[in-house]
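Geometric and topological summary
Read off the chains here:
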Amino acid sequence: MQEYELAVLPGDGIGNEVMPEALRVLDVVGAKYGVRFGYRHFDWSCETYKSTGAMMPPDGLARLRDHDAILLGAVGWPGVPDHISLWGLLLPIRREFDQYVNLRPVRLLPGVTPPVRDKQPGDIDFWVVRENTEGEYSQLGGRQGEGTPTEMVLQTAAFTRRGTDRIMRYAFELARELGKPHVTSATKSNGIYHSMPYWDERFAAIAAEYPEITVDQDHIDILCARFVMSPERFDVVVASNLFGDILSDLGPGVTGTIGVAPSGNINPERTYPSTFEPVHGSAPDIAGKGIANPIGQIWSAAMMLDHLGLAEAGADVVAAIERVLADASAPRTPDLGGKATTEDLGRAIAEAVRG
Ligand code: GGG
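Everything numeric in this text was worked out from a predicted model, so none of it was measured.

Turning our eyes to something else, we now look at the overall build of the protein chain. Helices and strands together make up the secondary structure of the protein chain, namely eleven helices and twelve strands. Computed over C-alpha atoms, the radius of gyration of the protein chain comes to 20 Å, within 12% of the 20 Å expected from 2.2 N^0.38 for 355 residues, which places it in the range of a compact globule. Principal axes of the C-alpha set define a box for the protein chain whose edges measure 55 × 50 × 40 Å. Sorting the 355 residues of the protein chain into buried and exposed places 48% on the buried side.

Here you go:
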């Protein structure tokens, strides 16, 4: 029997409510496909920060290293500044394990009503490939003259040739693998003087290696408008760390709910574990109510299965999600217009996988 050792970090808020549903589904997958998932639980969160002054112990990254994959819920909670929680847990994991691809599918699922109502499943089906280890997410910079009229803050974005080329190459390879003919680059080279012209330059150089794939370079402002007005035009969108983060919330927003959106923080070389987490955060407004949509976490687990080489099982889970959503009598959480609990929807998907 194949065995996989998974590090499970529910994190904060609704992360603790959606994670058990993903594990419920994985248990069914394990029984159905004859694989065993071992779960090692880590309760690192903003609570850890409040009691110890750190989001994880000093040897935290070393303790995660030997796992086949990491499943993460959500990070962030009121009372702990967001840059402290993110830079204390999620971002060190992405960097330590060179998870330089943040892969975020954007798909209109059956039975979900999008805000732009004339869209049907199939109209919105593309991938955001977000650079995940550099760019605008940086600790480079500083403050001077604090509290004085000349107070100044500098924040430097860093784009390396290695980092830029490898994310673009990944986007083109993904388009090729999926048989998708088009790659769009998110830029802002009219306003950002150094990094974005460089981004455009590298995009053109890598695109030349893939002559069969057509390309667009859209400034981030019009790209956001096109996500809303004509999402069917996109196949694969490659973006810097910050632009990719924004686009991969906007995309699911256009598909009706961010609650279903999954992501993989991927180390394509498989030298290190990859991390799979829903796009949504800890949602303090609904945390503790048991009504969070677990699909983002379950779909993230499906992406993990695919990454681990269990593609059939991953596709099985996504198909189960789609069947449950298409069934008008199945449980639906409030973000989907229903009154069901997180557990109701998780159980329905687990049963659909069991078949
Ligand atoms: N489950 C994802 C999560 O908790 N995200 C918190 C967040 O703000 N992430 C920002 C990012 O992905 O860069």
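What follows covers the site of the ligand. Contacts to the ligand come from Ala-74, Val-75, Gly-76, Leu-86, Asp-245, Glu-277, Pro-278, His-280, Gly-281 and Ser-282. For the shell around the ligand, the per-class residue count stands at four nonpolar, four polar and two charged.

Formed by 99 residues in total, the largest nonpolar core has its most connected members in Val-25, Leu-71, Val-129, Ala-301, Val-317 and Ile-349. Excluding anything up to four places from it in sequence, Val-129 contacts Val-101, Leu-103, Ile-167, Tyr-170, Ala-171, Leu-174, Val-236, Val-237 and Val-238.

Bringing the environment of Lys-32 into the picture now. Take Lys-32: it is sitting in helix 1 (residues 15-33). Here Lys-32 falls in the partly exposed class, since 13 other C-beta atoms lie within 10 Å of it.

What follows concerns the sheet that holds strand 2 (residues 35-41). Spatial ordering of the open sheet is given by 2-1-3-12-11-4-5-10-8-9, a layout of ten strands whose pairing is mixed. Looking at strand neighbours, the two that pair on one side only are strand 2 and strand 9 (214-219), the edges of this open sheet. The mean inter-strand angle of the sheet, taken between neighbouring strand axes irrespective of direction, is 25 degrees. Across four bridges, strand 5 (residues 125-131) lies against strand 10 (residues 236-239) in parallel orientation. Bridge pairing in strand 10 places Trp-127 opposite Val-236. The strands touched by helix 6 (residues 195-207) within the sheet are strand 8 (182-187) and strand 9, with strand 8 carrying the most contacts at an inclination of about 165 degrees. Strands in contact with helix 9 (residues 295-307) are strand 3 (69-74), strand 11 (262-266) and strand 12 (274-278); relative to strand 12, the strand with the most contacts, it is inclined by about 155 degrees.

Between helix 9 and helix 10 (residues 311-326), the least distance of the axes is 7 Å, while the angle of their chain directions is 160 degrees. On the basis of their axis angle, the class for helix 9 and helix 10 is roughly antiparallel. Viewed along their axes, helix 9 and helix 10 form a crossing whose handedness is left-handed. Contacts between helix 9 and helix 10 involve Ile-295, Ile-298, Trp-299, Ala-301, Ala-302, Met-303, Leu-305 and Asp-306 from the first element and Ala-311, Ala-313, Gly-314, Val-317, Val-318 and Ile-321 from the second. For the contact of helix 9 with helix 10, the per-class residue count stands at twelve nonpolar, one polar and one charged.

Assigned domains within the protein chain: domain 1 (1-102 + 262-355) and domain 2 (125-254). At the level of secondary structure, the elements contributing two or more residues to the side of domain 1 that touches domain 2 comprise helix 4 (82-96), strand 4 (101-107) and strand 11. When residues of the side of domain 1 that touches domain 2 are assigned to their parent elements, the largest contribution, three residues, is made by helix 4. In terms of residue class, the side of domain 1 that touches domain 2 is made up of five nonpolar, four polar and three charged.

So, about unusual backbone geometry. Not every positive phi belongs to a glycine, and Asp-98 is a case in point at roughly 45 degrees. Locating Asp-98 in the fold gives a position in the loop between helix 4 and strand 4.

With that settled, consider the UniProt feature "domain: Isopropylmalate dehydrogenase-like" (unreviewed entry) in the protein chain. Following the UniProt record, one finds the feature "domain: Isopropylmalate dehydrogenase-like" (unreviewed entry) at residues 5-349. For residues 5-349, the end-to-end C-alpha separation is 23 Å, with 40% helix and 20% strand making up the annotated structure.

Let us now look at the pairing of strand 2. With seven bridges connecting them, strand 1 (residues 2-11) and strand 2 associate as parallel partners. Residue pairing for strand 2: Glu-3 is matched across the bridge by Arg-36. Assessed by its sense of winding, the connection that carries the chain from strand 1 through helix 1 to strand 2 is right-handed.

Rules used throughout
- Residues numbered from 1 in each chain as written.
- Predicted model: local features only at pLDDT ≥ 70, side-chain atom pairs only at ≥ 80, totals over all residues.
- Helix = DSSP H or I, 4+ residues; strand = E, 2+ residues; numbered from the N terminus.
- Rg over C-alpha atoms; globule rule 2.2 N^0.38 Å.
- Buried ≥ 20, exposed ≤ 12 C-beta atoms within 10 Å, placed from the backbone.
- Near = placed C-beta within 6 Å.
- Nonpolar A, V, L, I, M, F, W, Y, C, P; charged D, E, K, R; others polar.
- Core = buried A, V, L, I, M, F, W, Y, C linked by C-beta atoms within 7 Å.
- Contact = placed C-beta atoms within 7 Å.
- Pairing = 2+ DSSP bridges.
- Axes fitted to C-alpha atoms, helices over the stretch in contact; angles between N-to-C directions.
- Parallel < 35°, antiparallel > 145°, perpendicular 65-115°, else oblique.
- Left-handed = near helix turned anticlockwise from the far one by under 90°.
- Domains from an automatic or database assignment.
- UniProt positions renumbered as here; feature names shortened; annotations may be inferred.
- Right-handed = clockwise from strand over helix to strand, strands pointing away.

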